[in-house]
Amino acid sequence: MQVFHENLDCEAPLQLLLFVDERPSSREQIQKVQQYLQSSQADAAPQLQIVEVGEHPYLVEHFKLVATPALVKVHPSPLQVIAGSDLVSQLDLCWSRWQRSVENFLASGTTSRPETEKNGQKQPGISSVLHSAELLRLSDEIFRLKQDKQALQEQLQFKDRIIAMLAHDLRNPLTAASIAIETLELAFNPEGEQHNRLTPALTAQLLRHARTQIRTIEQMITDILQAARGASTELHIKPEILDIGTLCKDVLEDFENRLQAKLQTLETDIPQDLPPVYADQERVRQVIANLVDNAIKYTPEQGRIQVSVLHRTTQKIQVSICDDGPGIPEVNRQRIFEENFRLQRDEAKEGFGLGLALCQRLIRAHYGRIWVGSAAGQGSCFHFTLPVYRL
Ligand code: ADP
């Protein structure tokens, strides 16, 4: 660390560090302090080192400095700090005391390296201060690097886990589509035994089924590609092992007053034995809160809101927030997740049309899905999935 300009091997009994910043007045302060020291006619020439605070934050931290310019008497002990624009006048006030401490130090007989043990007391010199500040910086750096490494490892594990989950999930629609196509193939083979058994209605049904499954596969691939584009790092997702049931209950507590104010009832179905999910607690909290907030906002007074959590497959947990409000017309069920999109009928209500778009980004960053359906033919039912944490 190149903080000082002088050779540290020849440390003087009086060692001072002058901390300055980038302001033009700093140069003037340096000159004033240097002039004062030169004119002070001290017995032993003081050693003054200039430290630019911006370049050496660890030294600033080491001495707990709160203002610049600051002059620190590093040696002899005790350590003393003076700071402010009237540095030279303060130095003048301290000077005789500092000289006495130098005399005492010299009189005590240790004239070699100041940081040696003296009367059982450590006398820190500039070089030892320098080393401890450097150690502090390095240990901070190591701590930060360890944290970065852990975060990266977690991100990689997260991706691995999710890829395995998505690959597994793709198998279901793929198998269903293959079965439908194989059945059709057999029917269209004039030499096959089954070709007479397929009625036109059954053929049409199989074709529809295959098409639906292929659309599901397409959607899943789009989800994978979107997730792989790095949304999780972009949104600073920090996944952890999370109890989603507890989180839901926690979020719902915050809405008690609003529910009461609109005389709405809340029903929950949150099983005790849910497996943990792997997700960012604050981000998922944001999603649940957004959906519950919408349910309360768009459902009239005395309405009913239901929150349920379902262990949908071995790989996924599904959270559903349903209401018996006006619902979302089928044609708009995709568009409401777009930024700034609001249903015309709701334009008079407060809002920017951003909540659902954010929910979608957050859920996709967790490699989950979010969609809306209708609750038992009326109202809205927002669902989202999250990956289960599996060892
Ligand atoms: P905002 O609520 O700020 O308008 P959102 O992105 O949260 O933005 O919602 C977009 C639109 O979707 C809303 O303007 C509203 O028209 C509709 N919407 C959202 N949630 C519900 C719901 N639970 N019931 C009926 N309509 C809803």
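Small disclaimer: the values here were computed from a predicted structure and weren't measured. (Residues numbered from 1 in each chain as written. Predicted model: local features only at pLDDT ≥ 70, side-chain atom pairs only at ≥ 80, totals over all residues. Heavy atoms only, no water.)

Regarding the overall build of the protein chain
Point 1. Of the regular secondary structure elements, the protein chain holds 9 helices and 13 strands.
Point 2. In the protein chain, which comprises 391 residues, the proportion classed as buried is 44%.
Point 3. Expressed as a percentage of contacts within the protein chain between residues at least 6 apart in sequence, the contacts between residues at least 24 apart total 72%. (Helix = DSSP H or I, 4+ residues; strand = E, 2+ residues; numbered from the N terminus. Buried < 20%, exposed > 50% of the residue type's maximum accessible area, 1.4 Å probe, protein only. Contact = heavy atoms within 4.5 Å.)

Some remarks on the layout of surface pockets
Point 1. Approximately 370 Å³ is the volume found for the second largest pocket.
Point 2. Every residue lining the second largest pocket is counted, 24 residues in all, and those nearest its centre are N294, K297, Y298, F341 and L356.
Point 3. Of all the elements in the fold, those that place two or more residues in the lining of the second largest pocket are α8 (281-298), α9 (355-365) and β13 (378-387).
Point 4. At 6 residues, the largest contribution of residues to the lining of the second largest pocket is made by α8. (1 Å grid on protein atoms, 1.4 Å probe; cavity = no way out; pocket = protein on both sides within 12 Å on 5 of 7 lines; lining within 4 Å. Points joined across faces, edges and corners; volume = space filled by probe spheres on them.)

Let's talk about the sheet that holds strand β3 (residues 70-75)
Point 1. What the 4 strands build is an open sheet, ordered β2-β1-β3-β4; its pairing is mixed. Pairing within the sheet leaves two strands with one partner each, and these edge strands are β2 (47-52) and β4 (80-83). Between one strand axis and the next, the sheet turns through 20° on average, direction left out of account.
Point 2. Here strand β1 (residues 15-20) pairs with β3 via 5 bridges, running antiparallel. When the sheet's bridge partners are listed, Q15 is paired in β3 with H75. (Pairing = 2+ DSSP bridges. Axes fitted to C-alpha atoms, helices over the stretch in contact; angles between N-to-C directions.)

Regarding the site of the ligand
Point 1. If you check the shell around the ligand, you find 21 residues, and the closest are N294, Y298, R342, D346 and L356.
Point 2. Take R345: an N or O atom from its side chain is 3.2 Å from a nitrogen atom of the ligand.
Point 3. One nitrogen or oxygen atom from the main chain of L356 is found 2.8 Å from an oxygen atom belonging to the ligand.
Point 4. When the ligand sits alone it has 530 Å² of accessible area, and the protein chains cover 97% of it.
Point 5. Counting residues per element, the ones that place at least two in the shell around the ligand are α8, α9 and β13.
Point 6. Of all the elements, α8 adds the most residues to the shell around the ligand, at 4 residues.
Point 7. Tallied by class, residues from the shell around the ligand come to 10 nonpolar, 6 polar and 5 charged. (Near = heavy atom within 4 Å. Polar contact = N/O pair within 3.5 Å; in protein donor to acceptor, adjacent residues only side chain to side chain. Areas by Shrake-Rupley, 256 points an atom, 1.4 Å probe, with all protein chains shown as cover. Nonpolar A, V, L, I, M, F, W, Y, C, P; charged D, E, K, R; others polar.)

Overview of the packing of aromatic side chains
Point 1. Per the counting criterion, the structure on display carries 4 aromatic pairs.
Point 2. Look at Y36 and W95: their rings are 5.7 Å apart centre to centre, the planes differ by 85°, and that puts the pair in the edge-to-face class. Pair noted here: Y36 is in helix α1 (residues 25-39) and W95 is in helix α3 (residues 87-107), with a separation of 59 residues, a long-range link.
Point 3. A relative accessible area of 15% means that Y36 is categorised as buried.
Point 4. Summarising the aromatic geometry, the rings of F337 and F382 are spaced 6.2 Å apart at their centres and angled 75° between planes, so their arrangement reads as edge-to-face. Of this pair, F337 sits in the loop between β11 (316-323) and α9 while F382 sits in strand β13, and the two are 45 residues apart along the sequence.
Point 5. Using a relative accessible area of 6% as the deciding quantity, one classes F382 as buried.
Point 6. The aromatic ring of W371 is capped on one face by R369, whose charged end is 4.5 Å from the ring centroid. (Phe/Tyr/Trp six-rings, centres within 6.5 Å; stacked < 30°, edge-to-face > 60°. Lys NZ or Arg CZ within 6 Å of the ring centre and 35° of its normal.)

Topic: the environment of T199
Point 1. Within the fold, T199 resides in the loop between α4 (126-187) and α5 (200-234).
Point 2. What makes T199 partly exposed here is its relative accessible area of 41%.
Point 3. Measuring from C-alpha to C-alpha, the distance between T199 and A187 comes to 9.7 Å, with 12 residues separating the pair along the chain.

Things to note about the pattern of salt bridges
Pairing between side chains becomes possible if they bear opposite charge and their charged atoms approach one another.
Point 1. Applying the stated criterion across every chain yields a total of 10 salt bridges.
Point 2. As a salt-bridge pair, D148 and R144 come within 3.3 Å of each other at their nearest N and O atoms. Of this pair, D148 and R144 both sit in helix α4, 4 residues apart, which is roughly one turn of that helix. (Salt bridge = Lys/Arg side-chain N within 4 Å of Asp/Glu carboxyl O.)

Some thoughts on the state of the cysteines
Point 1. By the definition in use, this model includes 1 disulfide.
Point 2. The disulfide partner of C322 is C381, and the S-S distance across this bridge is 1.8 Å. Across the S-S bond linking C322 and C381, the dihedral sits near 60°, which makes this disulfide right-handed. Of this pair, C322 sits in strand β11 while C381 sits in strand β13; the two residues are 59 residues apart in sequence, bridging distant segments of the chain. You'll find C322 and C381 in the same group, each marked buried. (Disulfide = S-S within 2.5 Å.)

Quick notes on the nonpolar core
Point 1. In this structure, I244, I288, L291, I321, I336 and F384 are the most contacted members of the largest nonpolar core, which totals 43 residues.
Point 2. Elements with a contribution of two residues or more to this core: α6 (244-253), β9 (277-279), α8, β10 (304-311), β11, α9, β12 (370-375) and β13.
Point 3. In terms of residue count, the dominant contributor to this core is α8 (7 residues).
Point 4. Listed in part, the 18 residues of the second largest apolar core include Y36, I50, L87 and L91. (Core = buried A, V, L, I, M, F, W, Y, C linked by side-chain atoms within 4.5 Å.)

A look at α3
Point 1. Taking 1.5 Å as the rise per residue, α3 with 21 residues should run 30 Å; its terminal C-alpha atoms sit 29 Å apart, in good agreement.
Point 2. Its maximal kink placed at C94, α3 deviates by approximately 45°.
Point 3. Looking only at α3, the buried set comprises L87, L91, C94, W95, W98, Q99, S101, V102 and F105. (Expected span 1.5 Å × (residues − 1). Bend = angle between axes of the 7 residues up to and from the residue.)

Thoughts on the packing of α6 against α8
Two quantities define a packed helix pair, namely the angle between the helix axes and the distance between the axes.
Point 1. Look at α6 against α8: their axes get within 10 Å of each other, and the N-to-C directions meet at 50°. In terms of their interaxial angle, α6 and α8 are classed as oblique. α8 is crossed by α6, and the crossing has right-handed handedness. Judged by residue contacts, I244, L247, C248, D250, V251 and L252 of α6 engage Q281, V284, R285, I288, A289 and V292 from α8.
Point 2. Here the residues of the contact of α6 with α8 sort into 9 nonpolar, 1 polar and 2 charged. (Parallel < 35°, antiparallel > 145°, perpendicular 65-115°, else oblique. Left-handed = near helix turned anticlockwise from the far one by under 90°.)

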